[in-house]
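Structure at a glance
Now for the letters of each chain:
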Amino acid sequence: MEKKLFDALVFLTLLAPLVSFFTLCCLPRNYIKIILSASIFLMLISTLSALVLLFNFWNGAIIPIHLNWFSIGTNSFTADLALSNRSLVMLALVAFISLLVHVFSIGYMGGDRDLKRYFAMLGFFTFCMQGIVLSDNLLLLFMFWELVGFSSYLLIGHRTIRPEAGRAAKKAFLLNRIGDAGFMVGLMMIWAIYETFSLTQILSTSTVHPWQTAASLCIFCGVIGKSAQFPLFTWLPDAMEGPTPVSALIHAATMVAAGVYLLVRLFHIFTEDALLVVAVTGMITTLIGAMAALSQHDIKKILAYSTISQLGLMVLAIGMGILDAALLHLFTHAFFKACLFLSAGLVTHSLHKAQKGQQHFDVQDIRNMGGLRKKMPTAFIAFLLSGASLAGIPFFSGFLSKEAILIALYMHNNILSWLMLVVIVSVSFLTVLYTFRMIWFIFFGEGRVIKPLKIEEPSWIMRLPVLILAFCSLWFLVSRNPFDFKGWMLTNENHHSDLLWITFISILWIVAAVLVSWYAFRKNPFKTHHILRKSFYIDEGLTAFFGTVTRISSRTTAFIDRSWIDKTIHGLVYAQVVVAHFTGWIDHVFVDGTVNGVARLAGLGGKITRSFQGGNIQLYIFWALFAIIIFIIWTLN
Amino acid sequence: MLYLAAFLFSIGIIIVMVKRNAIMVLLGIELMLNASNLNFVAFNQQHGQQSDGHIFALFVIIVAVCEAAVGLAIVLRVYKYYNTSVPDEIADLKG
């Protein structure tokens with residue numbers, strides 16, 4: 001009975017968003033109320049069943065669900081679903097954030113032309129991510145992985161009238177494909193090594209194969225693409241062209257989290273060398289992200305670079321072997337980053353409404369904002385709470401998850417971990433700087449461009465999800481004690497939480513950073529450097545590099561095509577024409593000749609026999625007489 | 001006498017085969033009949049104890065008269081209807 005209930009709940013969680021997708025596809029686009037209520041209702045079902053699963057089966061013995069998929073020869077492929085504590089948390093997280101984003105979108109996307117497609121794709125996106133979380137088969141996981149990429153493509157390019165949106169969607173899709181090419185090669189290697197795609201079987205193998213480093217690095221390529229790591233992170237800031245709730249969903253729960261989750265899932269196949277690469281990639285990413293975030297002007301781009309930085313932090317932690325803390329950070333990050341995006345959405349939505357009919361300015365540029373503290377108190381509170389969590393201020397969830405990573409790193413105690421520790425500490429300093437830079441710019445001081453505008457807060461349907469998420473950025477999400485990260489998620493004894501002096505130092509460090517940001521950005525706010533603003537010109541460098549490579553290779557291939565392949569084809573064609581003429585001649589002369597000859601022979605016979613009955617009576621008589629004479633001669637002899 | 005009969009018969013056959021007019025064909029037939037009459041009479045002179053051949057010749061003459069009468073009547077009707085007495089020109093049934 002328990003098993004049956006469990007299966008039903010799992011499938012309900014997984015399939016409710018898919019049902020939402022299909023239902024919305026079938027509904028006519030004018031029935032907006034039905035579309036909205038159907039998708040919200042189905043997401044609510046999914047969320048509730050995910051939460052029931054989380055509370056009832058946490059730390060419980062969980063039986064995997066076996067489904068036969070197909071078989072090639074003797075290799076049968078199964079579409080198994082497996083649940084561990086990690087996937088339970090992720091499942092609930094994805095469903096919950098997605099539900100809040102759905103609710104927020106009702107207000108934010110109100111009046112949009114393609115509301116139906118938007119909500120359908122949101123459902124599909126959620127379904128794909130839950131598929132990644134649940135699947136126990138690498139091939140199935142890869143399929144969901146690709147579907148996530150596809151649905152993010154559609155959602156980023158949702159505003160079809162903006163060419164930039166289309167370009168950003170294409171860029172996201174292509175950069176993800178580059179990573180996924182590596183993932184695919186990795187899949188082949190894994191099949192070659194383990195001869196199975198079942199994750200449970202792969203992870204239970206303990207022998208180390210010589211190719212394992214290569215295989216795990218190829219898999220990591222996919223993670224680099226999906227989780228926006230160096231050097232493929234450039235799609236993420238561009239993906240800000242999508243609607244803000246979609247950005248929240250991508251950044252918090254569905255897309256970029258997939259890469260980190262996959263890393264955690266496949267951690268056991270990564271060898272020492274591969275993990276070193278992972279850690280260094282994470283380190284570079286987190287540094288570049290934090291520095292680039294410091295000098296952006298677009299509010300959404302700041303948040304995007306901050307996501308890149310935080311993802312780099314998680315990947316770094318995983319590379320150093322700190323799985324649970326990384327996942328804890330993913331968990332807390334999902335809440336405060338979704339909240340940051342949604343409250344940024346609140347701000348831009350209100351400004352957009354207010355500027356209608358007034359002067360036109362870029363509503364996402366923080367240089368235009370200021371003094372919104374009093375005009376939009378809800379957005380201010382939410383932004384402040386989640387920003388504090390991002391900055392890692394005590395009493396917030398981000399503080400605890402960062403502490404967990406820091407202390408685990410400290411416990412490693414070798415040169416590499418000290419280097420990483422320094423990086424993380426400086427990145428957290430930068431994080432505080434850019435977070436409070438945003439807060440000072442948007443909510444404090446005088447309104448710069450927006451001062452004369454009459455700004456109203458959006459409706460409650462948009463404010464409520466933001467407030468819920470802001471509430472979830474507080475410490476009790478992780479544990480009851482605001483200075484002890486050992487809560488319901490981290491129960492591992494290896495994590496020491498009694499190093500109070502580290503906590504103390506980090507608190508001092510963060511306070512110092514807040515003060516620095518106050519002086520730096522309240523006094524002279526506009527200085528940024530173009531290298532940082534362009535995130536070290538990595539995007540341009542990639543474009544130039546790949547552009548040159550593509551141009552050269554296309555020219556070479558065009559030359560080869562024209563000079564060799566075309567000539568070969570022409571030669572073949574000439575030969576074929578000659579052969580055709582020859583066979584045509586044979587056909588004409590011999591085959592046709594034979595047939596015509598037979599026909600002519602028959603005609604001749606017909607003419608001869610016909611000539612006996614020409615209708616000439618005299619001739620009849622002559623022949624009769626002739627016959628009689630012959631008969632007489634024959635009888636007489 | 002037999003030679004005369006053979007000669008007459010040949011003339012008759014040639015007339016039948018060569019001439020296209022129906023009346024001439026009838027004439028040729030008459031010639032052939034008369035040649036056969038001559039044969040009957042001649043053979044009866046040479047071999048016969050009784051005069052069977054002569055009687056037979058008489059019958060043939062009677063039948064020939066009837067035949068000529070009927071034939072000429074048909075030719076007359078045909079001529080009236082088709083305005084010709086050449087059988088080859090009457091080709092209504094020819095496909």
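About the criteria used
- Residues numbered from 1 in each chain as written.
- Chains lettered and ligands numbered in written order.
- Predicted model: local features only at pLDDT ≥ 70, side-chain atom pairs only at ≥ 80, totals over all residues.
- Helix = DSSP H or I, 4+ residues; strand = E, 2+ residues; numbered from the N terminus.
- Rg over C-alpha atoms; globule rule 2.2 N^0.38 Å.
- Buried ≥ 20, exposed ≤ 12 C-beta atoms within 10 Å, placed from the backbone.
- Contact = placed C-beta atoms within 7 Å.
- Nonpolar A, V, L, I, M, F, W, Y, C, P; charged D, E, K, R; others polar.
- Pairing = 2+ DSSP bridges.
- Core = buried A, V, L, I, M, F, W, Y, C linked by C-beta atoms within 7 Å.
- Axes fitted to C-alpha atoms, helices over the stretch in contact; angles between N-to-C directions.
- Parallel < 35°, antiparallel > 145°, perpendicular 65-115°, else oblique.
- Left-handed = near helix turned anticlockwise from the far one by under 90°.
- Expected span 1.5 Å × (residues − 1).
- Bend = angle between axes of the 7 residues up to and from the residue.
- pLDDT = per-residue confidence, 0-100.

Looking only at helices and strands, chain A has 23 helices and two strands in total. Taking 637 residues into account, the globule formula puts the C-alpha radius of gyration at 26 Å, and chain A, at 36 Å, lies well above it. C-alpha atoms of chain A, sized along the principal axes, occupy 150 × 65 × 60 Å. With 637 residues in all, chain A has 46% of them scored as buried. Restricting the contact set of chain A to residue pairs at least 6 apart, pairs at least 24 apart contribute 81%.

Once that is clear, we can look at the overall build of chain B. A tally of helices and strands in chain B yields three helices and zero strands. Listing the helices and strands of chain B from first to last along the sequence gives α-α-α. Its C-alpha radius of gyration of 16 Å places chain B more than 25% over the 12 Å reference for a compact globule of 95 residues. If you line up chain B on its principal axes, its C-alpha atoms span 55 × 25 × 20 Å. Counting over 95 residues, chain B shows a buried share of 14%. Counted over contacts in chain B with a minimum sequence separation of 6, partners at least 24 positions apart contribute 47%.

Before going further, it helps to spend a moment on the interface of chain A and chain B. Frequently, the measure chosen for interface size is the accessible area removed from exposure when the parts meet. Every contact between the two is made by seven residues of chain A and, on the other side, eight residues of chain B. Residue composition of the side of chain A that touches chain B, grouped by class: four nonpolar, three polar and no charged.

Another aspect to go through is the pairing of strand β1 (residues 68–72) of chain A. Residue and element names in this part refer to chain A. Counting buried residues along β1, only zero of its five residues qualify, which leaves the element largely exposed. Here β1 pairs with strand β2 (residues 75–78) via four bridges, running antiparallel. Bridged to F70 within β2 is F77. Hairpin remark: β1 followed by β2, antiparallel, with two residues in the connecting loop; positive phi at G73, about 60°.

Residue and element names in this part refer to chain A. Tracing the backbone through its elements, the reader meets C472 in helix α19 (residues 460–472). Put simply, C472 and S386 are 86 residues apart on the chain and 8.7 Å apart in space, counted from C-alpha to C-alpha. When near neighbours in sequence (up to four residues on either side) are disregarded, C472 contacts F335 and L477.

A few words on the nonpolar core. All names here are of chain A. Counting residues in each nonpolar core, the largest one holds 187 residues, and the members touching the most others are I97, A338 and I405. Top contributing element to this core by residue count: helix α14 (residues 323–355), with 18 residues. Aside from chain neighbours lying at most four places away, what touches A338 is I97, L100, A248, A252 and L469.

Below, the discussion takes up the packing of helix α2 (residues 32–57) of chain A against helix α3 (residues 85–108) of chain A. Residue and element names in this part refer to chain A. Look at α2 against α3: their axes get within 8 Å of each other, and the N-to-C directions meet at 155°. Here α2 lies roughly antiparallel to α3, going by the angle between them. As for the relative orientation of α2 and α3, their crossing is left-handed in sense. Of α3, the residues touching α2 (which contributes L36, S39, I40, M43, L44, S46, T47, A50, L51, L53, L54 and F57) are L88, V89, L91, A92, A95, F96, S98, L99, H102, V103 and I106. Tallied by class, the residues present in the contact of α2 with α3 amount to 18 nonpolar, five polar and no charged.

Moving on: the environment of V86(B). Residue and element names in this part refer to chain B. As for its placement among the helices and strands, V86 is situated in the segment after α3 (52–82). Residue V86 is classed as partly exposed on the basis of its 17 C-beta neighbours within 10 Å. Placed 66 residues apart in sequence, V86 and R20 show a C-alpha to C-alpha distance of 5.8 Å. Other than its neighbours up to four places away in sequence, V86 contacts R20, N21 and A22.

All right, on to the packing of helix α6 (residues 163–194) of chain A against helix α8 (residues 212–226) of chain A then. All names here are of chain A. Their axes nearest at 7 Å, the elements α6 and α8 cross at an angle of 155°. Looking at the two axes, α6 sits roughly antiparallel to α8. Judged by the twist between their axes, the crossing of α6 over α8 is left-handed. In contact with L175, N176, I178, G179, D180, G182, F183, V185, G186, M189, I190 and I193 of α6, α8 contributes Q212, A214, A215, C218, I219, C221, G222, I224, G225 and K226. For the contact of α6 with α8, the per-class residue count stands at 13 nonpolar, seven polar and two charged.

On to unusual backbone geometry, then. Unusually for a residue other than glycine, A228(A) sits at a positive phi of about 55°. Looking at the element boundaries, A228(A) is found in the loop between α8 and α9 (235–238). The exposure class assigned to A228(A) is buried, which follows from the 32 C-beta atoms found within 10 Å. In this structure, N83(B) takes a positive phi of about 60° despite not being glycine. On the basis of neighbour counts, which here come to 8 C-beta atoms within 10 Å, the residue N83(B) falls in the exposed class.

Moving on to helix α1 (residues 2–26) of chain A. All names here are of chain A. For α1, which comprises 25 residues, the first-to-last C-alpha distance of 35 Å matches the rise-based estimate of 36 Å (1.5 Å per residue) to within 8%. Of all bends in α1, the biggest is about 35°, found at L15, and the proline P17 comes one to four residues later. Of all the residues in α1, the buried ones are V10, T13, L14, A16, P17, S20, F21 and L24. Looking at the buried positions of α1, the neighbouring elements they touch are α2, α3 and α4 (115–134).

A separate point is the confidence of the model for chain B. Chain-level pLDDT for chain B is 87 on average; 98% of the residues reach the 70-or-more range. The ipTM value of the predicted complex is 0.77, and its pTM value is 0.72.

Attention now moves to α3(A). Here α3(A) is 24 residues long and its end C-alpha atoms lie 34 Å apart, about the 34 Å a rise of 1.5 Å per residue gives. Along α3(A), 21 of the 24 residues are buried, which leaves the element largely enclosed by surrounding structure.

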